[in-house]
Amino acid sequence: MQLKALCLGAVLSLSAAQVFAEQSEAAQWLQRLQESQTEQAYQGTFVYERKGAFSTHQVQRQVDVQGRLLEHFVQLNGPAHEVFRVDGRVQCMSSAMSDQLAQVDLWPAQQIAMQHLERWYEPRLLGNARVAGHITTVLLFAPRDQHRYPVEIHLERDTATLLKSLLFNEQGQLLERLQFVQFQKIPSHMAETQTLIQPSADCVAVADQTEILAITNTTNWSAGWIPPGFMLLNSHSKKSVDRSGNVISQVYSDGLAHFTVFTENIDNLEIDGGRRQLGPTAVVSRKVTQADETVMVTVVGEIPLGSAERVALSMRAVQQEQVDD
C-alpha cells in the first residue's frame, strides 16, 4: 500500500512538473510572438474562413524606420479589394467593400501578459506541425470558463510568426480559420533596403472621424456585468451613419478575445433588437429606455452568444454628478 502511494505521488509530481514545463515553454513562445509583431517583415498569402465561406488574401508587412507597422492586404478572389493599415489603423480601403477585411487581425495588437492569460486559459503545447512549407509549434489556449472560446495557434519555428489560427466553439466546431498557404520571411537587413509598401490608386483614404470619448450630457451608459477577465481597452465616439447623433463604442479584451459594446440614441421606438451568431461573432441588440432616454445597445464580438446577451441585458444609465465651479 505504501509502495502504491509512493508511485502515485511520483506520477503526480511528474505530471505537475510536465504541466509547469509546458506552460513555461508556452510563455516563451508567446513572448517571441509578441516580439515578432514589432520586428518581423514578411509577405505571403493566407486563406480566411468564416461562416463556411473562404476568401484568399495577399499580405505585405513591413516595419519602417519610425517603428510603425505597415500592412497591405489585397483580396485575391472576387473583386480586388484592398486595405492599407498603419499600426493597425486603416488608412485607406476599397470604397465598395465591407469592413470585414479591414478587421482581419493576424494577432491582437496589444501586449499580452502570460500571467493574465493563464487565469482564463490553460496553455497547452500540442507539438509540431507544418504550415505553408514551414515547421510550426502548435499552442492551444483552452478556456477555463464558459465566456470564451478555445484558440489554437501555429507559430513558425524560426521567427515565431503566426502562420495559422483556429477558433472553436464550446462543442469543438470550427468557427474561424486563418491559415497561410505561402509565406516568405524577410530578414531585417533586406527589409531596410526595401521600398516602403504603398497602396494602389484605387485605395480610398479613410477619414478619421473617431474622437476620444467625451460625454457632453449627464448620462453615461455602462455595462453592469462584463465577463471575468475582460478589461476595457478604449472608448470612442463617432457620428452615426445619418450623422444625427453619436455612436459610443467600448472595446473589451481578455488578451485573445474581443468584443465591442455600441450605444446609440434612437428616435424610432418601433425598432426592435435581436440576437444572432455570424460564424465566430455574436451580435446581440436590445432597446433600452431609462431616464427619459432610449438607446439601442449592440454587443458584437467573438464570445459565446449567451455571454454577449448577458452584457447587453446589464446595460444601465449611470447618472453622473454635476461638478460646480
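Being a predicted model, the structure only gives us computed values, none of them experimental.

### Points about the overall build of the protein
When helices and strands are tallied, the protein shows four helices and 20 strands. For the protein, long-range pairs separated by at least 24 residues make up 52% of all intrachain contacts whose partners lie at least 6 apart in sequence. Entry remark: accessible area of the protein is about 17900 Å², with carbon and sulfur atoms responsible for 50%.

### Regarding the environment of threonine 263
If you trace the backbone, threonine 263 turns up in strand β16 (residues 258–265). For threonine 263, a relative accessible area of 6% corresponds to the buried category.

### Observations concerning unusual backbone geometry
Unusually for a residue other than glycine, aspartate 87 sits at a positive phi of about 50 degrees. The backbone of alanine 160 shows a phi angle near 60 degrees, a positive value even though the residue is not glycine.

### Let's talk about the nonpolar core
Ranked by internal contacts, the top residues of the largest apolar core, which has 40 residues, are Tyr121, Leu139, Phe141, Ile153, Phe259, Val261 and Val299. Beyond its immediate chain neighbours, meaning those up to four positions away, phenylalanine 141 contacts Met114, Leu117, Tyr121, Glu122, Pro123, Tyr149, Pro150, Val151, Ile153 and Leu256. In this structure, Tyr42, Phe73, Met93 and Leu178 belong to the second largest nonpolar core, which totals twelve residues.

### A closer look at the state of the cysteines
According to the stated counting rule, one finds one disulfide in the structure shown. Each sulfur in the disulfide pair cysteine 92 and cysteine 203 lies 2.1 Å from the other. Because the sign of the S-S torsion sets the handedness, a value of about 100 degrees for the bond joining cysteine 92 and cysteine 203 places this disulfide among the right-handed ones. Taken together, the residues span a long stretch of sequence, with cysteine 92 in strand β5 (residues 89–93) and cysteine 203 in the loop between α3 (188–191) and β11 (204–205) at a distance of 111 residues. Across the pair, cysteine 203 and cysteine 92 agree in class, each one buried.

### Describing the pattern of salt bridges
With the rule as written, the count across this model stands at nine salt bridges. Between glutamate 71 and arginine 85 there is a salt bridge; the shortest N-O distance is 3.3 Å. With glutamate 71 in strand β3 (residues 69–75) and arginine 85 in strand β4 (residues 82–86), this pair connects stretches of sequence that are 14 residues apart. Comparing glutamate 71 with arginine 85 shows no difference in burial state: the two are buried. Among the salt bridges present, the one from glutamate 156 reaches lysine 185, with a minimum N-O distance of 3.2 Å. Of the two residues, glutamate 156 is situated in strand β8 (residues 151–156) and lysine 185 in strand β10 (residues 174–186); the sequence distance between them amounts to 29 residues. When its relative accessible area of 27% is taken as the criterion, lysine 185 is described as partly exposed.

### What about the sheet that holds strand β2 (residues 53–63)?
Overall, antiparallel pairing links the eleven strands, which are arranged β6-β7-β8-β9-β10-β1-β2-β3-β4-β5-β11 in an open sheet. Two strands close off the open sheet at either side, each with one partner strand: β6 (121–131) and β11. Relative to strand β7 (residues 134–143), β6 runs antiparallel, the two being bridged by ten bridges. Of the residues in β7, the one forming a bridge with valine 131 is histidine 134.

### Details of the packing of aromatic side chains
Scanning the entire structure with this criterion turns up eight aromatic pairs. On the numbers, 5.9 Å between centres and 85 degrees between planes, the contact of tyrosine 42 with phenylalanine 180 is edge-to-face. With tyrosine 42 in strand β1 (residues 41–50) and phenylalanine 180 in strand β10, this pair connects stretches of sequence that are 138 residues apart. For phenylalanine 180, a relative accessible area of 1% corresponds to the buried category. Taken together through their ring pairs, the aromatic side chains of Tyr42, Phe46, Phe73, Phe180 and Phe183 make up a single cluster. Cation over ring: arginine 148 sits above tyrosine 121, and NZ or CZ is 5.8 Å from the ring centre.

The rules behind each value
- Residues numbered from 1 in each chain as written.
- Predicted model: local features only at pLDDT ≥ 70, side-chain atom pairs only at ≥ 80, totals over all residues.
- Heavy atoms only, no water.
- Helix = DSSP H or I, 4+ residues; strand = E, 2+ residues; numbered from the N terminus.
- Contact = heavy atoms within 4.5 Å.
- Areas by Shrake-Rupley, 256 points an atom, 1.4 Å probe, with all protein chains shown as cover.
- Buried < 20%, exposed > 50% of the residue type's maximum accessible area, 1.4 Å probe, protein only.
- Core = buried A, V, L, I, M, F, W, Y, C linked by side-chain atoms within 4.5 Å.
- Disulfide = S-S within 2.5 Å.
- Salt bridge = Lys/Arg side-chain N within 4 Å of Asp/Glu carboxyl O.
- Pairing = 2+ DSSP bridges.
- Phe/Tyr/Trp six-rings, centres within 6.5 Å; stacked < 30°, edge-to-face > 60°.
- Lys NZ or Arg CZ within 6 Å of the ring centre and 35° of its normal.

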